[in-house]
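# Summary of the model geometry
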Amino acid sequence: MNSEKRASAPVADSVSLKLQVDAAIASARLPVDAEWRASIDAHFEAIAKAAALVMEFPLEDELDAAPVFSA
Amino acid sequence: MIDGSTSAAEIAAKVASGAVNARAVVDATLARIAALNPKVNAFTDVVADRARQTADALDARRARGDALGPLAGAPFAVKNLIDIAGLPTRAGSKINRDLPPARRDGALVRRLEAAGAILVGALNMGEYAYDFTGENVHDGPSRNPHALDHMTGGSSGGSGAAVAAGLVPLALGSDTNGSIRVPSAFCGCFGLKPTYGRLSRAGSFPFVSSLDHLGPFARSVADLAAAYDAMQGGDPDDPVATTRAMEPALPDIERGTSDLRISSAGGYFAQYGERDCFAAVSKVTRALGVTRTVELPEGGRARAAAYVITAAEGAALHLDRLRQRAADFDPAVRDRLIAGSAIPASWVIKAQRFRRWYRERLLQLFNEVDVILAPATPCRAPKIGQTTFVLDGVTMPVRPNIGIFTQPISFVGLPVVAVPVWVDGGLPLGVQVIAAPWKEAHALRVARALEQSGIAQARVASL
């Protein structure tokens, strides 16, 4: 089935992104010093912006990632 | 006479003819490292005893009349994420120093030594290869031999510095998002990132398996090709290593470029950089008579997808270490890895699927052209410690943005030779010579033509 349409992939607001980081830190039981958080959150925001560019790009449902990648 | 500018090919010819013995080459190399490494901080380990023993064995073989390999007596060093028997593979980290020593050399070390080259040590790098600067909080920054207060580029910074300083004619590095091409550009040497899967990664500490490559640095295209040829061949110990037959490149490098369709990259690859970077590309295109420009579609999105995959796979690899020894990481690396641990699977899977889409578009382009030229970096080597730069009027953080032109290429595993270009009296710049998958020989032929015409040149720094 062809679903090639412009997907909606809004960049989450910074509060939501921080909650996502909170959940990841808690579930992985990572020992994070409070002083590191601003830097971690800034990095995650940059990743989320990059991901939004990817997520908004329409791809056919049938387009699999090649399991063996040899360029 | 062997000095810092002597090529591996010249050394091999002299050793083979008996004009010089391998032990003398090694002793001269060790003396040069002892004298100059304190300035450039390229080496983290020097395996002097091993190198002398290897040299003595080589000289004994020659005395017996045995055939010597094509790199006989040529000293080389490897980024310290590649295993060296007897040393812990630190991969630029503090944490890995507690690992037991490697029991065996990495696959590429074994192959270079089988060709007669002599390992002399391990090279500085950014922690766990998550780096474009060549800085390292544990070992200190590697320093650009052409301007010691400037970055070498990363993460294979020690590899670029060792070759540009004339400490060794050959070095190995790794390239996940640009870590061979960036230090080649900043330090002014030739670097080859082969096709993904072409050279075995067995016996090296990984970073992002989807994108990791190993490859050589050299001061001449012939040395680059000779080292590449010596390292080719499948390897069951690396699950992505190709089963293709070896395709030696060295015999072809003098063939010229008249039968190659060469184009420069427009669009994304012609913006977001300092003017001099594009001047370097123009110098190359003029020399080659290139008039055509092609657009690699969605270059920015490809870079974004590589960024997401890198952060996610890197975080997954290091999760236990983050849990157990977070305080022992370089803070700049640690914070990015922790951020990467929060990436949802849907982002990574979409990025991998986009990679397939992008690869198919690029393969279509290679129906029309054989080689594409693009800048290697958006700037010359920044100063060590510099955290921001201005590209196209926008202030950006240095560390993640040095690789904006390299990431979209390694993302789909294309082979690239980074060639050093000097546009004025300042620091060098790099141009990526990009070929179709498995066509390293095309990129090496173009690089050799540029070297022969003097447009691309790897200079030994005056130190």
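Quantities reported herein were computed from a predicted structural model and do not represent experimental measurements. (Residues numbered from 1 in each chain as written. Chains lettered and ligands numbered in written order. Predicted model: local features only at pLDDT ≥ 70, side-chain atom pairs only at ≥ 80, totals over all residues.)

### A word on the overall build of chain B
Filter applied, for reference: Starting at the N terminus, helices and strands are each numbered in turn, a helix being any DSSP run of H or I of at least four residues and a strand any DSSP run of E of at least two. We take the radius of gyration over the C-alpha atoms and set the globule estimate at 2.2 Å times the residue count to the 0.38 power. Put plainly, a residue is buried at 20 or more neighbouring C-beta atoms within 10 Å of its own, exposed at 12 or fewer, and partly exposed in between, counting only other residues' C-beta atoms, which are placed from the backbone. Here, residue contact means that the backbone-derived C-beta atoms of the two residues sit within 7 Å.
The number of helices and strands found in chain B is 14 helices and 13 strands. In terms of overall dimensions, chain B is globule-like: its C-alpha atoms have a radius of gyration of 20 Å, near the 23 Å expected for 463 residues. Overall size of chain B, expressed as C-alpha extent along the three principal axes, is 60 × 55 × 45 Å. Across the 463 residues in chain B, those meeting the buried criterion constitute 62%. Taking contacts inside chain B between residues at least 6 apart in sequence as the whole, the part at least 24 apart equals 78%.

### What to know about the interface of chain B and chain A
Worth spelling out the cut-off: In the scheme used here, Gly and all other residues not listed as nonpolar or charged are polar, with Ala, Val, Leu, Ile, Met, Phe, Trp, Tyr, Cys and Pro taken as nonpolar and Asp, Glu, Lys and Arg as charged.
Chain B puts 38 residues into the contact, and the matching count from chain A is 29 residues. For the side of chain B that touches chain A, the elements supplying multiple residues, two or more each, are helix H9 (299-325), helix H10 (331-340) and helix H11 (345-365) of chain B. Per-element accounting of the side of chain B that touches chain A gives the leading share, 11 residues, to H11(B). Residue classes in the side of chain B that touches chain A are distributed as 22 nonpolar, 7 polar and 9 charged.

### Brief notes about helix H8 (residues 275-288) of chain B
Residue and element names in this part refer to chain B. Keep this limit in mind: A helix is expected to span 1.5 Å multiplied by its residue count minus one. An arc is given here, and it is the one of the directions from the helix axis to the C-beta atoms.
Here H8 spans 20 Å end to end across 14 residues, near enough to the 20 Å set by a 1.5 Å rise per residue. Taken residue by residue, H8 has Cys277, Ala280, Val281, Val284 and Leu288 as its buried positions. Along the axis of H8, the buried positions cluster into a sector of 95°, meaning they face one direction only. Turned more than 90 degrees from where H8 packs its buried face, Arg275 and Arg286 sit exposed. Of the residues trailing H8, glycine 289 is marked for its positive phi of about 70°.

### Examining the packing of H9(B) against H10(B)
Residues and elements named next belong to chain B. To keep it simple, the criterion reads: Whenever a helix is involved, its axis is fitted only over the stretch in contact; in every case the axis is a line through C-alpha atoms, and angles between N-to-C directions fall within 0 to 180 degrees. Note on terminology: angles under 35 degrees are roughly parallel, angles over 145 are roughly antiparallel, angles of 65 to 115 are roughly perpendicular, and the others are oblique.
In the contact formed by H9 and H10, the axes pass within 8 Å of each other and the chain directions differ by 105°. In terms of axis orientation, H9 runs roughly perpendicular to H10. For the pair H9 and H10, contact is made by Ala311, Ala312, Gly314, Ala315, His318 and Leu322 and by Arg334, Arg336, Leu337, Ile338, Ala339 and Gly340, respectively. By residue class, the composition of the contact of H9 with H10 is 7 nonpolar, 3 polar and 2 charged.

### Focus: the confidence of the model for chain A
This is how the line gets drawn: For every residue, the predictor states its confidence as a pLDDT score lying anywhere from 0 to 100.
When pLDDT is averaged across chain A, the result is 86; 79% of the residues are at 70 or more. Contacts for the low-pLDDT stretch residues 1-5 of chain A, under 50 throughout, to residues beyond four places or in other chains number 7 contacts.

### Focus: the environment of Ile253(B)
Residue and element names in this part refer to chain B. If you trace the backbone, isoleucine 253 turns up in the loop between helix H7 (221-231) and strand E7 (262-265). The sequence separation of isoleucine 253 and alanine 9 amounts to 244 residues, and the corresponding C-alpha distance is 14 Å. Those residues in contact with isoleucine 253, other than ones at most four positions away along the chain, are Val221, Ala222, Ala225, Leu444, Arg445 and Arg448.

### Brief notes about unusual backbone geometry
Residue Ser155(B) is reached from Gly154(B) by a cis peptide bond, and omega for that bond is 10°. Within the element layout of this structure, Ser155(B) appears in the loop between strand E3 (118-123) and helix H5 (157-164). Unusually for a residue other than glycine, Arg29(A) sits at a positive phi of about 55°. For Asn41(B), which is not glycine, the phi dihedral falls at a positive 55°. As for its placement among the helices and strands, Asn41(B) is situated in the loop between helix H2 (22-40) and strand E1 (43-46). On the basis of neighbour counts, which here come to 21 C-beta atoms within 10 Å, the residue Asn41(B) falls in the buried class.

### As for the pairing of strand E11 (residues 394-397) of chain B
Residues and elements named next belong to chain B. Which entries qualify depends on this criterion: The pairing criterion for strands is at least two bridges between them, as found by DSSP.
Pairing between strand E10 (residues 388-391) and E11: 4 bridges, direction antiparallel. Bridge pairing in E11 places threonine 388 opposite proline 397. A loop of 2 residues connects E10 with E11, the two strands running antiparallel in sequence, and aspartate 392 in this loop sits at a positive phi of about 50°.

### With respect to the sheet that holds E3(B)
Residues and elements named next belong to chain B. Strand order in the open sheet made by the 11 strands is E1-E3-E2-E4-E6-E5-E12-E13-E9-E7-E8, with mixed pairing throughout. Sheet topology places E1 and strand E8 (293-294) at the edges, where each strand pairs with a single neighbour. Relative to E3, E1 runs antiparallel, the two sharing 3 bridges. Of the residues in E3, the one forming a bridge with valine 46 is glycine 121. Strand contacts of H5: E1, strand E2 (75-79), E3, strand E4 (170-175) and strand E6 (213-218), with the helix running at about 155° to E4, the strand carrying the most contacts.

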